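Spelled out from the first residue to the last, the chains are:
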Amino acid sequence: MEEFRRLTRLPAYVFNITSELKAAARKRGEDIIDFGMGNPDGATPKHIVDKLIEAAQRTATHRYSLSRGVPRLRRAICNWYKRRYDVDLDPETEAIVTIGSKEGIAHLCLAVLDDEDTVAVPNPSYPIHIFGPVIAGSKVQSIPMRGGTAEALLEELEHDLPRMEPRPKLLILNFPSNPTAQCVELSFFERIVALCRELGIYIIHDLAYADIVFDGYRAPSILEVPGAKEIAVEFFTLSKSYNMPGWRVGFMVGNSKLVAALGRIKSYFDYGTFTPIQVAAICALDGPQECVAEIRDIYRERRDVLVPGLNKLGWPVELPKATMFAWAKIPEQYKGLGSIEFSKKLLLEAKVAVSPGVGFGEHGDGHVRFSLIENEERTRQALRGIKQMFKAG
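- In the nomenclature of an unreviewed UniProt entry, the protein chain is known as Alanine-synthesizing transaminase of Tunturiibacter lichenicola.
- As stated in UniProt under Cofactor (unreviewed entry), the record for the protein chain gives "pyridoxal 5'-phosphate".

1. Thoughts on the overall build of the protein chain
Here's step 1: On a plain count of helices and strands, the protein chain comes out with 14 helices and 12 strands.
Here's step 2: Over its C-alpha trace the protein chain gives a radius of gyration of 21 Å, about what one expects of a compact globule, namely 21 Å for 393 residues.
Here's step 3: In terms of principal-axis extent, the alpha carbons of the protein chain reach across some 60 × 55 × 50 Å.
Here's step 4: A burial count over the protein chain gives 56% of its 393 residues as buried.
Here's step 5: Sequence separation of at least 24 residues holds for 75% of the intrachain contacts in the protein chain that already meet a minimum separation of 6.

2. Some thoughts on the pattern of salt bridges
Here's step 1: Evaluated as defined, the whole model comprises 30 salt bridges.
Here's step 2: Note that Lys169 is salt-bridged to Asp117, the shortest N-O span being 3.3 Å. Taken together, the residues Lys169 in the loop between α7 (150-160) and β5 (170-174) and Asp117 in the loop between α5 (100-112) and β3 (118-123) connect sequence positions 52 residues apart.
Here's step 3: The closest approach of N and O atoms between Glu341 and Lys344, which form a salt bridge, is 3.2 Å. Separated by three residues within a single helix, Glu341 and Lys344 lie in helix α13 (residues 338-350), roughly one turn from each other.
Here's step 4: Taken together, the shared-partner salt bridges connect Asp215, Asp297, Arg300, Arg303 and Asp304 into one network.

3. Notes on unusual backbone geometry
Here's step 1: Of the consecutive residues Glu165 and Pro166, the connecting peptide bond is found in the cis state with omega at -5°.
Here's step 2: Tracing the chain through its elements places Pro166 in the loop between α7 and β5.
Here's step 3: Phe175 connects to Pro176 through a cis peptide bond whose omega is -5°.
Here's step 4: Following the sequence through the fold, Pro176 ends up in the loop between β5 and α8 (186-199).
Here's step 5: Although it is not a glycine, Arg248 sits at a positive phi angle of roughly 55°.

4. Quick word on the packing of helix α3 (residues 46-56) against helix α11 (residues 275-286)
Here's step 1: Running from amino to carboxyl end, α3 crosses α11 at an angle of 145°, the nearest separation of the two axes being 8 Å. Handedness of the crossing formed by α3 with α11: right-handed. For the pair α3 and α11, contact is made by His47, Ile48, Lys51, Leu52, Ala55 and Ala56 and by Pro276, Ile277, Val279, Ala280, Cys283 and Ala284, respectively.
Here's step 2: The residue inventory of the contact of α3 with α11, partitioned by class, reads 10 nonpolar, one polar and one charged.

5. Some points on the domain arrangement of the protein chain
Here's step 1: On domain assignment, one finds that the protein chain holds domain 1 (5-43 + 290-392) and domain 2 (47-288).
Here's step 2: Each of domain 1 and domain 2 has a C-alpha centre, and these two points are 26 Å apart.
Here's step 3: Taken together, the 33 residues of domain 1 in the interface contact 38 residues of domain 2.
Here's step 4: Note on domain 1 versus domain 2: buried area summed over both sides is about 3000 Å², and carbon and sulfur give 64% of it.
Here's step 5: Where Asp215 meets Arg303, a salt bridge forms, and the shortest distance between an N and an O atom there is 2.9 Å.
Here's step 6: Taken together, domain 1 and domain 2 are joined by 10 residue pairs in polar contact (both at pLDDT 80 or more).
Here's step 7: Residue assignment for the side of domain 1 that touches domain 2 shows that the elements contributing at least two residues are α12 (290-312) and β9 (325-329).
Here's step 8: Per element, the largest residue contribution to the side of domain 1 that touches domain 2 is eight residues, and it comes from α12.

6. A look at the nonpolar core
Within soluble globular proteins, side chains that are nonpolar generally end up buried alongside one another.
Here's step 1: Counting 60 residues, the largest nonpolar core has Tyr81, Leu161, Phe188, Leu238 and Tyr242 as its most contacted members.
Here's step 2: Filtering out sequence-adjacent residues up to four positions away, Leu161 remains in contact with Ala120, Ile143, Arg167, Pro168, Leu171, Leu195, Cys196, Leu199 and Ile201.
Here's step 3: Counting 34 residues, the second largest nonpolar core, distinct from the first, contains Met324, Phe370, Ile373 and Met389.

7. Description of the layout of surface pockets
Take a probe with the size of a water molecule and roll it over the atoms, and the empty space left behind shows itself.
Here's step 1: Volume-wise, the largest pocket comes out at about 700 Å³.
Here's step 2: Lining the largest pocket are 34 residues, and of these Tyr13, Met37, Gly38, Lys102 and Tyr126 sit closest to its centre.
Here's step 3: Among the secondary structure elements, those contributing two or more residues to the lining of the largest pocket are α2 (15-27), α5, α6 (127-135) and α9 (238-241).
Here's step 4: Counted by class, the lining of the largest pocket contains 14 nonpolar, 13 polar and seven charged residues.

Conventions adopted
- Residue numbers restart at each chain and count upward from 1, following the sequence in its written direction.
- Where local features are concerned, this predicted model is filtered to residues with pLDDT of at least 70; where side-chain atom pairs are given and counted, the filter is 80 or more; whole-chain, interface and lining totals use all residues.
- To obtain the side-chain values, all non-hydrogen atoms of the structure were used and water was disregarded.
- UniProt positions are given in the numbering used here, feature names are shortened, and annotations may be inferred rather than shown by experiment.
- Only runs of H or I of at least four residues qualify as helices and only runs of E of at least two qualify as strands under DSSP, and these elements are numbered from the N terminus.
- Radius of gyration: C-alpha atoms only; globule rule: 2.2 Å multiplied by the number of residues to the exponent 0.38.
- We call a residue buried when its accessible area falls under 20% of the maximum for its residue type, exposed when it is over 50%, and partly exposed in between, using a 1.4 Å probe and counting protein chains only.
- By definition, residues are in contact when any of their heavy atoms lie within 4.5 Å.
- Take a side-chain nitrogen of Lys or Arg and a carboxyl oxygen of Asp or Glu: if they are within 4 Å of each other, that pair is a salt bridge.
- Orientation is described by axes fitted as lines to C-alpha atoms, over the contacting stretch for helices, and by angles from 0 to 180 degrees between their N-to-C directions.
- In this scheme the handedness of a crossing depends on how the near helix is turned from the far one: anticlockwise by less than a right angle means left-handed, clockwise means right-handed.
- Three classes are used: nonpolar for Ala, Val, Leu, Ile, Met, Phe, Trp, Tyr, Cys and Pro, charged for Asp, Glu, Lys and Arg, and polar for all others, with Gly counted as polar.
- Start and end points for every domain follow an automatic or database-based domain assignment.
- Accessible surface is computed with a 1.4 Å probe, and the buried area is the amount of it that two parts give up when combined, taken over both parts together.
- Polar contacts here mean pairs of N or O atoms no more than 3.5 Å apart (in protein, one a potential hydrogen donor and the other a potential acceptor; neighbouring residues in sequence count only if both atoms are side-chain atoms).
- Among buried residues, the Ala, Val, Leu, Ile, Met, Phe, Trp, Tyr and Cys ones that are joined through side-chain atoms within 4.5 Å form a nonpolar core.
- The pocket and cavity definitions rest on a 1 Å grid over protein atoms only: a 1.4 Å probe that fits but cannot leave marks a cavity, an open set with protein on both sides within 12 Å along at least five of seven lines marks a pocket, and residues lining either have an atom within 4 Å of a point.
- Grid points are joined across faces, edges and corners, and a volume is the space filled by probe spheres set on the points.

In structure tokens form, the structure reads like this:
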């Protein structure tokens, strides 16, 4: 496709390599235990599904919706932020509904970036954080997450951002992080907001895993920082918290200029999420939240089987405080393989599918990502397969 210049900037999708191997193995009748894609496997809570059905039976909801989101959902979003973070937002100017956060981030990049702009992104990162700016035609400046700690990344950001030429227009962050499960405290955002206000850099923060937190950790919102709305927006998706990945509904809140920019470009691209889905999203945000705790507990229970099990096998993996992922450094005896070849080995010999770390940026190549999407019994089966692979050398 050499004639399609924009597509030449997109590398081959790394995850397709393991996906094709996984499909071939299953075609051969092999039982593959799949920790690859971060695709929640649980059912959407019944009260949310019931609200969708009720709304879908009203023919008035079958018409085009609003690309910015229906007013009631925007009010529910702002009320959710007030209850949760004590952040005041204007539903007319500081909140917009998106077709999942991935669509919102990509379209925001198209709205505000051009080929003269630079975007700073930690590496490794979730792919749309890197390739949203690339698709928009801008340049990406990777900031390596070398130290593996929030403080090390903060020092890297504070050193690199003032020295970047040209000055980045955007900084894209994601905490708790996919793929690394890295967490930060509010003090991290306080320093980043102060730095970016001084440098005139907008911040996009992806808070997709706000609710998937463990062991007493609380994931902060960047908008809790006084004055953050002057330069920052935050994305949230209902995919993980409410087991609604295929529903494709999320939102962006914060800086009114960026909200207006996203709203304007979306008015050209879409007519908004199907209205019954937006009505169900209101039910999710305003309704009982016990389901969120139940979903969180399922991920915690799976984490508590997988990670200690890997450690027992002699594969040191840090217990994540948040997200539905475990970020695992390739064992010493296999590190020369790199993440793609090691992922292939796990698939072919242990019958376990994971995501190669290089798919999240070149600085992820020494790791693989496990998604906590298999139940405890299947996870124990995977551990037995990995143990046999280790024994065989």
